[in-house]
Amino acid sequence: GWNNANVTVVFRGSDGLSGIDSCTADTTLSDEGSTQSASGTCRDVAGNISATAVLRGINIDKTVPSATAARKAGSQPNGNGWNNADVTVVFSGADALSGIDSCTADTILSDEGSNQSSSGTCTDLAGNVSASAVLGGINIDKTAPSATAARKSGSEPNGNGWNKANVTVVFSGADGLSGIDSCTADTTLSGEGSNQSASGTCTDLAGNVSATATLGGINIDKTAPSATAARKTGSEPNGNKWNTAN
């Protein structure tokens, strides 16, 4: 029931005897508004004038609506500006006269990548189409990073595979898209024992957590051994505590 351009109203008449001489000239409505009307009459050849003919209910809206693109609830990025799941973009519009008829359907971005965007439009009840609304800066990373556990410099074992001091294990990661945000803090093993281990993970900027990285085979012995000195058999002294040989 809406027009998005000027509306021209024409007047025509009929007369069963003398015939139509003239009618009101065509009337063009160019102003925007709802429930407008145009009226006119016809005159027959005898000079009789008809009752007024009125065309009502003319609605004109020539102004395009506005459109907005936004993330759907649940699709907000984390503090680093990344998502680790699909992102849904919704489109809404506003129109001051005829009202919104429809907007581009919700768009789901599921591919991984940085600085992605989605665009759409809205159409009002008069058929006017908005300018495109674009939501950019959408970053999606759904792949977990990798993590590695290693001894910190200075915590290497000796040639026998043992340490006689605390061992510090450090964790590092790699991520091909968003990058590493954090890894488990350095872990220091101070207890004595064999075949000890330390485990940790890394998290990327999108919040994906790596599989656990474990460094095992850590042997720590900080206790000094005991030592005993004794004469070898055959080296005993005589009754006077003397030896006459080596």
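Quick caveat: nothing in here was measured; it's all calculated off a predicted structure.

Observations concerning the sheet that holds strand β17 (residues 187–189)
Neighbouring strands of a sheet are bound in pairs by backbone hydrogen bonds; such pairs are parallel or else antiparallel.
Item 1. Taken together, three strands build an open sheet; the order of strands is β14-β15-β17 and the sheet is antiparallel. Bordering the open sheet on either side are β14 (146–151) and β17, each of which pairs with just one other strand. With direction set aside, neighbouring strand axes in the sheet form an average angle of 25 degrees.
Item 2. Note that strand β15 (residues 167–174) and β17 share three bridges and pair antiparallel. Its bridge partner lying in β17, valine 169 is registered against threonine 187.

Quick word on the sheet that holds strand β7 (residues 66–71)
Item 1. Strand order in the open sheet formed by three strands is β7-β8-β10, with antiparallel pairing between adjacent strands. Only two strands of the sheet have a single neighbouring strand rather than two, namely β7 and β10 (107–109). Across the sheet, the mean angle from the axis of one strand to that of its neighbour is 25 degrees, orientation sign disregarded.
Item 2. Pairing geometry for strand β8 (residues 87–94) and β10, over three bridges, is antiparallel. Paired with threonine 88 across the bridge in β10 is isoleucine 108.

Here's the deal with the nonpolar core
Item 1. Counting ten residues, the largest nonpolar core consists of Ala149, Val167, Val169, Phe171, Leu189, Ala198, Ala213, Leu215, Ile218 and Ile220.
Item 2. Only β15 and β20 (213–220) provide two or more residues apiece to this core.
Item 3. With nine residues, the next largest nonpolar core counts Val89, Phe91, Leu109 and Ile140 among its residues.

Here we look at the state of the cysteines
Item 1. Under the counting rule described, the total for this entry stands at three disulfides.
Item 2. Between the sulfur of cysteine 23 and that of cysteine 42 lies a disulfide, 1.9 Å long from S to S. The chirality of the disulfide connecting cysteine 23 with cysteine 42 is right-handed, given an S-S dihedral of about 105 degrees. You can see cysteine 23 sitting in strand β2 (residues 20–23) and its partner cysteine 42 sitting in strand β5 (residues 42–44), a full 19 residues away along the chain.
Item 3. A residue is classified by how much of its surface remains accessible, and cysteine 42, at 9% relative accessible area, is buried.
Item 4. Across the disulfide from cysteine 103 sits cysteine 122; the S-S distance is 2.0 Å.

About the cut-offs
- Residues numbered from 1 in each chain as written.
- Predicted model: local features only at pLDDT ≥ 70, side-chain atom pairs only at ≥ 80, totals over all residues.
- Heavy atoms only, no water.
- Pairing = 2+ DSSP bridges.
- Helix = DSSP H or I, 4+ residues; strand = E, 2+ residues; numbered from the N terminus.
- Axes fitted to C-alpha atoms, helices over the stretch in contact; angles between N-to-C directions.
- Core = buried A, V, L, I, M, F, W, Y, C linked by side-chain atoms within 4.5 Å.
- Buried < 20%, exposed > 50% of the residue type's maximum accessible area, 1.4 Å probe, protein only.
- Disulfide = S-S within 2.5 Å.

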